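Each chain, letter by letter, is given below.
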Amino acid sequence: MRKFISYAFVVAMILSCGSVSAQDYAFRVLANKGTNQVKKAGAGQAEVLKTGAKLNSGDEIIASDDAYIGLMHKSGKTTEIRGAGTKKVSELEKNISTGSSSIASRYASFVMNKMNEEETTNNRARLNATGAVSRATGSAAINVMAPSQADLLGDVAILRWDAPEGFSEDDSYVVKIENIFNEEIYSEETQKTSVSLDFSDEALAYDMGLYLVKIYKKGDDEIASGEVGIKKVKSGDKVEVQENLANLKSEVSEDSPLNKIIYASFYEENGLILDALTKYEEAIKMSPDIDDFQELYQNFLITNGLAE
């Protein structure tokens, strides 16, 4: 059974616990694939490595052939282990840049809490303030995993939808984007159930910054999704969020799936659900075989009313 989480409880945990740098460990395990083990300092035998485990400087990680281990340092920085081998935690620590990392620490803690919380009874009660979910009606409706209205801070938005009843692999979709005057400004055909939209593209550039997106079955406009309104955040909007994002970028790169999960947590807590969804999608595309990332993504979708 999947573990779901109360958003309010997560935020309370973050505020009460503060920075993860105050914790009594060197690393915690954020993601874990393979038959990996850890030999604790002073122990005679190794034990199974589990997601959420605390690792101290004297411990050793024994990684299997197909291993992927995502680790969060107490400073909030992350590192990864891929493939077989034995790694001393003390050696891993030496490769961590431990400068100022308050923003990274905050959102790494956010992810860690999401992975460790027990199932709650009210986890599905919350819908994000960005608006209700975009739902079409009817048996042939195309349901998009996105809010009906969403701000977008980044340039790229990944939209995913469920194939309606009766669709085959040979059927195609048409993604149409209109401006607020209901003038079509962009159209794209795909056989996939997802699309990546780059709003920095000249084809999508216009002053109002509000886009209306719908997905149709090719050749039958009666089979369509609900409308998704995407508002591109401008430089003068959400100033504090943009400043915090700049600080996060100075501490954490986006070159690993684990770090993309950290960015997803930043966007989620700041109500930028479409940005968060996009980072989850990017992380999973980079490492599609990591179950921990898949589970986090599913929990995110359900918590925000984007899936059942």
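Okay, so let's go over this structure.

In this section: the pattern of salt bridges. Scanning all chains against the criterion turns up 15 salt bridges. Across the pair D24 and K54 runs a salt bridge whose closest N-O atoms are separated by 3.9 Å. Taken together, the residues D24 in the loop between α1 (7-17) and β1 (27-33) and K54 in strand β4 (residues 54-55) connect sequence positions 30 residues apart. Look at D24 and you get exposed, because its relative accessible area is 60%. The partner of D221 in a salt bridge is K176, with the nearest N and O atoms 3.6 Å apart. Linking D221 in strand β16 (residues 220-224) with K176 in strand β12 (residues 173-178), this pair joins segments that are 45 residues apart in sequence. Where salt bridges share partners, they join E254, K260, K279 and E282 into one cluster.

This part takes up the pairing of strand β11 (residues 156-162). Across two bridges, strand β9 (residues 143-144) lies against β11 in antiparallel orientation. If you follow V144 over to β11, its bridge partner there is W161. Examined bridge by bridge, β11 and strand β14 (residues 194-198) share five bridges and lie antiparallel to one another. When the sheet's bridge partners are listed, R160 is paired in β14 with S194.

This next bit is on the sheet that holds β11. In space, the three strands of this open sheet follow the order β9-β11-β14, with antiparallel pairing throughout. The two strands at the open ends of the sheet, each matched to only one other strand, are β9 and β14.

Next up on the list: the pairing of strand β15 (residues 210-217). Strand direction decides the pairing type here: β12 and β15, joined by six bridges, are antiparallel. What sits directly across from V174, in β15, is Y216. As paired elements, β15 and strand β17 (residues 228-232) share four bridges and run antiparallel to each other. Its bridge partner being in β17, V213 is matched across the sheet by V228. Bridge count for β15 against β16 is two bridges, and the pairing is antiparallel. Looking at β16, one finds that Y216 is bridged to A224. Two successive antiparallel strands, β15 and β16, enclose a turn made up of two residues, where G219 displays a positive phi of approximately 85°.

How each quantity is defined
Residues numbered from 1 in each chain as written. Predicted model: local features only at pLDDT ≥ 70, side-chain atom pairs only at ≥ 80, totals over all residues. Heavy atoms only, no water. Salt bridge = Lys/Arg side-chain N within 4 Å of Asp/Glu carboxyl O. Helix = DSSP H or I, 4+ residues; strand = E, 2+ residues; numbered from the N terminus. Buried < 20%, exposed > 50% of the residue type's maximum accessible area, 1.4 Å probe, protein only. Pairing = 2+ DSSP bridges.

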